[in-house]
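The lines below spell out each chain.
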Amino acid sequence: MSGDVRARLEAGEQLVGTFAGLRDPAACEVLGALGFDAVCIDGEHGAMGIETIERLVAATERGGSASALVRVAGNDPVAIATALDTGAAGIVVPRVESGAEAAAAVDAARYPPLGRRGIGPSRAARYGAGVLDYRQRANDELLLAIQVETWAAVQRLDDLLAVEGVDLLFVGPTDLASSMGLNDPAGPEMRETIAGVLERARAAARRTGIFAFGPDDAADWLEAGVNLVLMGSDLTWLGRGARDALAPLRRP
Ligand code: 3PY
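I will try to describe carefully the structure that is included in this document. Keep in mind that what you see is a predicted model, and the values were worked out from it rather than measured.

### Some details on the pairing of strand β8 (residues 228–233)
Buried residues dominate β8, accounting for 6 of its 6 residues. Relative to β8, strand β1 (residues 15–20) is paired through 4 bridges, and the arrangement is parallel. Counted as the bridge partner of Phe19 is Ser233 from β8. Of the strand pairs in this sheet, strand β7 (residues 207–212) and β8 are connected by 4 bridges, and their pairing is parallel. Within β8, the residue paired with Ile210 across the bridge is Val229.

Right, here's the structure in full:
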């Protein structure tokens with residue numbers, strides 16, 4: 001499987017990753033070689049199918065320094081199982097809003113007795129050659145993160161926190177702000193709401209994660225003790241890099 005992100009988080013490391021939304025494996029290979037701890041392939045937004053996701057997981061591994069995570073399209077057992085079967089080190093499940101939904105994610109992501117994931121000897125298990133070893137290690141090693149990104153989830157946070165088998169609560173500030181009717185995902189009201197979520201998760205001995213818009217934002221969340229910060233995406237870096245390179249050439 002693609003890296004040891006869960007073990008590192010459990011050992012107390014704070015990790016920094018980024019999202020991948022481009023469908024060319026070269027993007028993940030580059031990101032995977034830059035020193036990020038994780039590349040999270042985004043199967044939720046954009047037109048990305050499972051064949052592409054599998055290629056991007058392999059490309060991230062080729063990069064050599066990052067674990068490959070997959071944000072699945074939704075809290076769906078097929079999406080979760082096929083994402084893990086690619087060999088990803090873990091998954092991020094978007095828009096989880098209740099204890100029952102968190103339990104469904106566990107059910108789909110974990111092998112019995114914790115869940116009901118089916119044995120599919122695919123890339124994760126070396127196409128069958130490593131199936132017994134993988135089956136034995138998967139429940140202990142794969143990261144299951146659920147996203148808290150709606151006001152309904154914040155209101156039911158205690159129910160989410162009570163579900164065994166979830167490793168990490170990952171805050172999505174943009175969607176959370178949107179569901180609260182706020183425009184600025186980095187404004188003071190959001191900061192306060194998010195700080196409350198992080199504190200309650202920590203009090204329940206759960207690890208936390210968050211999306212950061214850039215390095216300053218990421219540094220603030222690391223300082224605040226967040227365990228996994230996923231900062232920007234390949235598209236962010238492409239856009240910002242090109243804009244910054246062009247800007248001095250266009251000055252009057
Ligand atoms: C959010 O900010 O809502 C996210 O889910 C980040 O990808």
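### With respect to the sheet that holds strand β3 (residues 67–71)
The 8 strands lie next to each other as β1-β2-β3-β4-β5-β6-β7-β8, forming a closed barrel whose pairing is parallel. Averaged over all neighbouring strand pairs, the angle between strand axes comes to 25 degrees, with direction disregarded. Pairing between β1 and strand β2 (residues 38–42): 4 bridges, direction parallel. Its bridge partner being in β2, Gly17 is matched across the sheet by Ala38. Sheet strands in contact with helix α5 (residues 99–109) are β4 (90–93) and β5 (143–148), and its direction is about 155 degrees off that of β5.

### Considerations on the environment of Asp76
By secondary structure assignment, the location of Asp76 is in the loop between β3 and α4 (77–85). Distance in space between the C-alpha atoms of Asp76 and Ala109 is 9.9 Å, their sequence separation being 33 residues. Of note is the side chain of Asp76, whose polar atom sits 2.9 Å from the backbone nitrogen of Ala79.

### Description of the site of the ligand
In the neighbourhood of the ligand, the contacting residues comprise Phe19, Arg71, Gln147, Glu149, Gly172, Pro173, Thr174, Asp175 and Phe211. In this structure, Gln147 approaches the ligand through a side-chain N or O atom, which is 3.1 Å from an oxygen atom. Taking Gly172, its main chain carries an N or O atom lying 3.3 Å from an oxygen atom of the ligand. Bound to the protein, the ligand loses 92% of the 230 Å² it would expose on its own.

Conventions adopted
- Residues numbered from 1 in each chain as written.
- Predicted model: local features only at pLDDT ≥ 70, side-chain atom pairs only at ≥ 80, totals over all residues.
- Heavy atoms only, no water.
- Buried < 20%, exposed > 50% of the residue type's maximum accessible area, 1.4 Å probe, protein only.
- Helix = DSSP H or I, 4+ residues; strand = E, 2+ residues; numbered from the N terminus.
- Pairing = 2+ DSSP bridges.
- Axes fitted to C-alpha atoms, helices over the stretch in contact; angles between N-to-C directions.
- Contact = heavy atoms within 4.5 Å.
- Polar contact = N/O pair within 3.5 Å; in protein donor to acceptor, adjacent residues only side chain to side chain.
- Near = heavy atom within 4 Å.
- Areas by Shrake-Rupley, 256 points an atom, 1.4 Å probe, with all protein chains shown as cover.

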